[in-house]
Amino acid sequence: MDSSTLFGISTMAYILAMIIYIAYLAFRNSQTGTAATALTITGFISQTLAIAARWSESYVQWTTMTPESSAVMSLLRSAPLRNLYESLVFFVWCLILGYLIIEFKYKNRSFGAFITPVAGIALAFIGLSGMPKDISPLVPALQSNWLLVHVIMSFIAYAAFAISFSTGLMYLIATSERQEKRHVFWVVFSVFAILLALISQSPDTIMLWIISFAFVIAVDIKQNIDIARRISSKKEGNSGGALKTTLTVIGLSLISIAAILIFIQLVKLQIIKADDAAKLRHLETAARASSFTGNIMGIVGFIFFICIVLIKYLILKKEYYLFWTLNSGIFIFVLMAMGLDFLMFRVMGTMPAQDGGVGLKATLLSHSPVIAVASYASLTAFLYAIWRYGHILKKMISGINISTDFLDEITYKSISIGFPVFTLGGLIFGAIWADQAWGTYWGWDPKETWSLITWFVYAFFLHSRLLRGWKGKKVAIVAVVGFVVVIFTYIGVNLLLSGLHSYGGME
Amino acid sequence: MEENKNQTLTDKIWDIFSSVKFAVVIFALIALTSIIGTIIEQNAAPEKNIKLIGKLFGDSLAPTLYNAFDFLGFMDMYHSWWFVALLMLFAANLTVCSIDRLPLIWKLVKEPVKPLTDEQFKKLGKKEIALKGKTEKIKAAAGFAIKKAGFKFLETKEVDGYQLYSEKGNYTRLGVYITHLSILLILIGAIIGIFFGFKGFLNLPEGKTYSVAFAQTGHLTPAQEEDMEKIIAALQSVEGSTLKAAQELGMEEQSLKLKMKRYGIRPLGFSIKCNDFNADFYSNSDMPKTYKSWITITENGAPVKINGKEIQEIEVNTPLKYKGVTFYQSSYGLTPGGWENSVFKFRVTPKDGKTEDIESGVEGSFRIPGTNLTGKIENFSPAIGFDQSTGKLFTYAEQMNNPAVLVSFYENNKRKYGGWILKRSPETWKLPEGHIMEFVDLWGIQYTGLQVRDDPGVWVVYLGCIVMSIGLYIAFFMSHKKIWLRIIEEKNSTRIIVAMTANKNREAFERKIDNMFALLSKSVEGGK
């Protein structure tokens with residue numbers, strides 16, 4: 001069996017394991033649990049064999065192309081850690097290994113439902129993005145033993161961060177409370193469905209989603225302002241409160257402007273990569289026409305959205321269940337839509353956009369009105385289901401014998417392993433290697449800079465536990481955000497930005 | 001934090017700088033601004049970023065916005081005054097935080113462990129076991145067990161027994177300080193590098209010797225460029241000695257040095273010559289396999305031996321260091337105007353003769369030893385390709401990716417045959433009569449692109465990295481542990497109560513103590 005078959009087996013094993021772990025969470029049948037663990041172990045063994053097979057295939061190629069190399073050198077240079085594909089596979093391997101260790105150490109299978117999806121999504125991403133999987137020899141800059149140490153330690157750290165992400169997320173779900181009434185949800189989506197049926201061809205529809213959140217929150221903010229008034233009228237001399245709120249809103253608005261503009265345009269860039277000139281011209285005209293209005297509406301809507309959520313969340317210290325469920329629902333749906341896009345491209349024989357993005361053209365932004373409306377309808381139903389029944393997930397987690405304190409502890413522990421390993425293996429060894437290869441230990445290259453940002457986020461996590469009031473929930477959010485930054489450092493930089501580390505560029 | 005009307009301004013400033021909140025704000029600012037620097041391409045041609053800004057804000061606004069961002073320093077933001085200021089604030093905050101908290105931590109480190117009172121045992125006591133046996137023996141066994149666990153202990157006598165107490169790892173509380181100190185070391189090393197270091201490049205053509213390297217400078221006027229050429233020429237002729245060059249140019253050495261700084265010219269203090277450069281590719285592709293430069297360093301006219309060799313090799317990941325300057329293999333290319341002085345190098349093996357190396361200038365003909373043939377160079381391509389659709393040969397790259405030379409062979413002044421000989425294709429080396437003519441190199445046409453670096457701060461940075469690794473290990477994986485054993489004599493047995501604290505990894509410590517107790521029970525019960 002060659003390495004790609006073995007990888008395929010492990011991918012399927014992890015995805016099946018994920019489903020069975022979720023079933024275990026729901027039904028808590030010990031045989032289901034054992035089956036899930038067994039599948040995970042099977043997948044892990046298969047993946048280990050796959051990595052070994054790939055190493056040997058690489059070794060053969062290396063010795064053929066570089067016959068002058070010694071056996072030890074050839075072994076080192078052919079280690080399967082040399083490009084995005086191999087490193088992603090190694091990341092999944094480390095993650096599953098780490099998870100299996102935790103499962104055996106704490107005799108608890110409940111994390112499985114949160115970690116196997118990360119593994120599954122990572123492996124599915126390999127298929128979706130169409131990244132090259134062929135074994136190619138190393139360019140001179142990568143012919144170094146530093147490659148091995150730097151990459152291995154970085155991915156062990158990433159796996160530890162992924163674990164903290166899962167436990168952080170579990171913590172947030174377990175401690176969230178649902179407050180909104182059903183009518184709030186339906187108000188949003190009625191407005192939505194009408195708007196989107198009318199404008200389903202426009203590249204700015206995604207921005208409209210964001211504005212619609214503003215409606216959701218607007219209904220809700222009224223209640224919160226009332227509550228805040230009641231609280232502040234009780235305290236004496238608390239005039240600082242209103243000022244603080246205003247300043248925070250202004251400050252956050254400024255940050256949000258940059259964020260939403262970049263976000264909208266990145267999305268537009270994907271859509272504009274059409275595969276024939278006529279379509280391209282049509283979309284470009286439409287894009288330009290709507291871009292000004294779109295931008296303004298987007299800016300206003302998003303600022304409103306972000307500020308209100310953050311006021312509610314940080315200053316008034318309330319939960320935002322709707323926010324989390326809607327966001328995760330949209331994220332999952334968009335992922336699935338991208339998957340459908342990929343299938344459609346495969347079937348039609350055209351290539352997905354070069355930089356790894358796909359434009360939702362198979363579903364939400366399809367040129368066929370029927371498919372578009374049907375997609376929006378299923379999106380609506382999906383989001384409603386998540387909002388309405390997401391609470392069940394929380395019950396499942398609360399039903400397991402894991403205290404939220406324990407989750408908090410695992411989050412901290414995995415970061416306290418990941419952080420030193422990342423500092424040494426990722427930043428320090430990366431800097432030393434850069435110094436040997438290029439003469440600069442730090443060049444503010446996008447990859448290096450984003451690694452530093454990741455480092456700051458996790459350093460922030462470690463320090464935030466010392467801040468008053470930063471226990472539990474806020475800290476868990478930092479752990480979750482930290483891993484999102486890790487993903488961007490790992491993949492986003494390569495695919496979206498340009499630089500010495502890049503595989504793609506933003507043109 | 002108390003709002004004390006008696007706080008002076010310095011107190012207030014100290015309070016801000018010693019707060020973790022401030023640290024968090026600075027982290028966030030540095031992180032967020034760094035993100036901008038990864039999206040706006042740093043030190044790039046203006047068109048690239050104008051295009052990018054146009055995509056985000058609209059094409060009409062783009063040029064104005066570009067100028068605005070440029071003015072604020074975003075085009076080279078990591079060296080802008082405000083970014084450096086943020087880093088300085090970060091360093092100051094780190095220092096103040098550390099100093100502020102040091103007295104308390106030092107107290108915790110230095111304060112010796114004291115025996116616990118009975119109430120404290122009630123609060124902190126974790127485990128209790130009762131063992132059969134004489135108290136003295138059990139005390140000795142317990143003491144032995146603690147020692148085995150790595151603790152040197154002290155003993156006091158109590159009314160009804162004894163107390164053994166111990167601590168270790170006090171100094172691990174300083175792990176955090178070591179880590180923070182290492183950050184400061186790294187920042188200091190970086191600053192030393194910026195102020196006292198040099199980073200530049202040298203494009204060294206094959207066969208040429210240089211005694212200077214070049215740094216990026218801003219835009220130079222044509223007059224300045226001419227001036228720069230004059231200075232370089234003068235420096236070249238005197239092996240880089242600024243004193244002699246100043247004399248030659250008729251100016252003060254100091255003013256020459258200022259001009260050199262302006263033009264980014266850095267004298268090396270020695271000369272470096274490229275004997276040869278070669279780029280190897282993986283077979284059947286243009287993917288580079290190795291780049292290698294062969295270099296000789298001369299000082300005061302004589303070649304310098306490094307590791308007993310006069311010729312040094314520079315490859316990617318294997319730089320050359322000499323007298324504080326490091327040369328890195330960075331790039332390569334074709335020297336403009338290098339054609340005329342280049343030399344073709346062939347290796348000829350006549351049908352029944354021995355192999356010989358021959359050379360030829362780019363014009364003129366050359367004899368092929370061991371045969372009656374003379375060769376004439378007709379044409380050359382650095383990267384020859386064959387266009388399937390037109391059936392024509394063409395040059396597909398500006399680098400020596402697939403060098404080929406068109407040679408015509410003459411016998412008795414009559415053209416016998418000719419063809420393209422490709423360096424990378426041995427089949428093209430075979431001549432009709434069975435002779436083999438290998439095209440080895442066109443020497444003199446390539447230059448090796450070397451990155452030149454002199455960074456006195458790099459050792460401080462490396463030291464900082466080592467200190468950081470040590471600090472992180474201590475801070476995360478070692479802890480300050482204390483243990484107290486209260487041994488109480490009872491009628492027929494001895495009761496032991498254990499209390500322990502650890503400032504990190506408490507469960508691991510508890511498990512260790514549990515193991516220790518299991519062993520202790522076994523050793524006592526098992527009879528001694």
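Criteria and cut-off values
Residues numbered from 1 in each chain as written. Chains lettered and ligands numbered in written order. Predicted model: local features only at pLDDT ≥ 70, side-chain atom pairs only at ≥ 80, totals over all residues. Heavy atoms only, no water. Pairing = 2+ DSSP bridges. Helix = DSSP H or I, 4+ residues; strand = E, 2+ residues; numbered from the N terminus. Axes fitted to C-alpha atoms, helices over the stretch in contact; angles between N-to-C directions. Buried < 20%, exposed > 50% of the residue type's maximum accessible area, 1.4 Å probe, protein only. Core = buried A, V, L, I, M, F, W, Y, C linked by side-chain atoms within 4.5 Å. Contact = heavy atoms within 4.5 Å. Parallel < 35°, antiparallel > 145°, perpendicular 65-115°, else oblique. Left-handed = near helix turned anticlockwise from the far one by under 90°. Nonpolar A, V, L, I, M, F, W, Y, C, P; charged D, E, K, R; others polar.

A. Region of interest: the sheet that holds strand β20 (residues 436-443) of chain B. Residues and elements named next belong to chain B. The antiparallel open sheet is built from 3 strands, whose spatial order is β13-β12-β20. Strands with a single pairing partner mark the edges of an open sheet, and in this sheet they are β13 (356-361) and β20. Strand after strand, the sheet turns through a mean of 25° between neighbouring axes, direction not considered.

B. Quick peek at the pairing of strand β7 (residues 288-299) of chain B. All names here are of chain B. With respect to burial, β7 is a largely interior element, 9 of its 12 residues being buried. Taken together, the 10 bridges between strand β6 (residues 265-281) and β7 define a ladder with antiparallel strand orientation. By the bridge assignment, N278 is partnered in β7 with K292. Remark: 6 residues form the turn of the hairpin made by β6 and β7, two consecutive strands paired antiparallel; N284 in that turn has positive phi of roughly 60°. Bridge analysis of β7 against strand β9 (residues 311-315) gives 5 bridges, and the strand direction is antiparallel. By the bridge assignment for β9, K292 is matched with E315.

C. Fine view of the environment of E226 of chain B. Here E226 of chain B lies in helix α9 (residues 222-237). For the pair E226 of chain B and L131 of chain B, spaced 95 residues apart in sequence, the C-alpha to C-alpha distance is 95 Å.

D. Representation of the nonpolar core. Of all hydrophobic cores here, the largest spans 128 residues; its most connected members are F91, F111, F161, F419, W455 and F483 of chain A. Per-element tally for this core: the top contributor is helix α6 (residues 145-174) of chain A, with 16 residues. With residues up to four places along the chain from it excluded, the contact list for F419 of chain A reads F161, W455, Y458, A459 and L462 of chain A together with L472 and F476 of chain B. Listed in part, the 42 residues of the second largest apolar core include A245, Y263, Y291 and I295 of chain B.

E. Local environment of the sheet that holds strand β15 (residues 373-381) of chain B. Residues and elements named next belong to chain B. Strand order in the open sheet formed by 4 strands is β14-β15-β18-β19, and the pairing between neighbours is antiparallel. Each having just a single partner strand, β14 (365-367) and β19 (414-422) make up the two edges of the open sheet. This sheet shows a mean twist of 30° between the axes of neighbouring strands, independent of strand direction. Where β15 and strand β18 (residues 404-411) come together, 8 bridges link them in antiparallel fashion. The residue of β18 that forms the bridge with L373 is E411.

F. Inspection of the packing of helix α14 (residues 446-464) of chain A against helix α2 (residues 20-39) of chain B at higher detail. Contact geometry of α14 of chain A with α2 of chain B gives a least axis separation of 9 Å together with a crossing angle of 160°. By the angle between their directions, the pair α14 of chain A and α2 of chain B is classed as roughly antiparallel. Note on packing geometry: the crossing formed by α14 of chain A with α2 of chain B is left-handed. Of α2 of chain B, the residues touching α14 of chain A (which contributes P446, T449, W450, I453, F456, A459, F460 and H463 of chain A) are V20, V24, F27, I30, A31, S34, I35 and T38 of chain B. Across the contact of α14 of chain A with α2 of chain B, the residue classes tally to 12 nonpolar, 4 polar and no charged.

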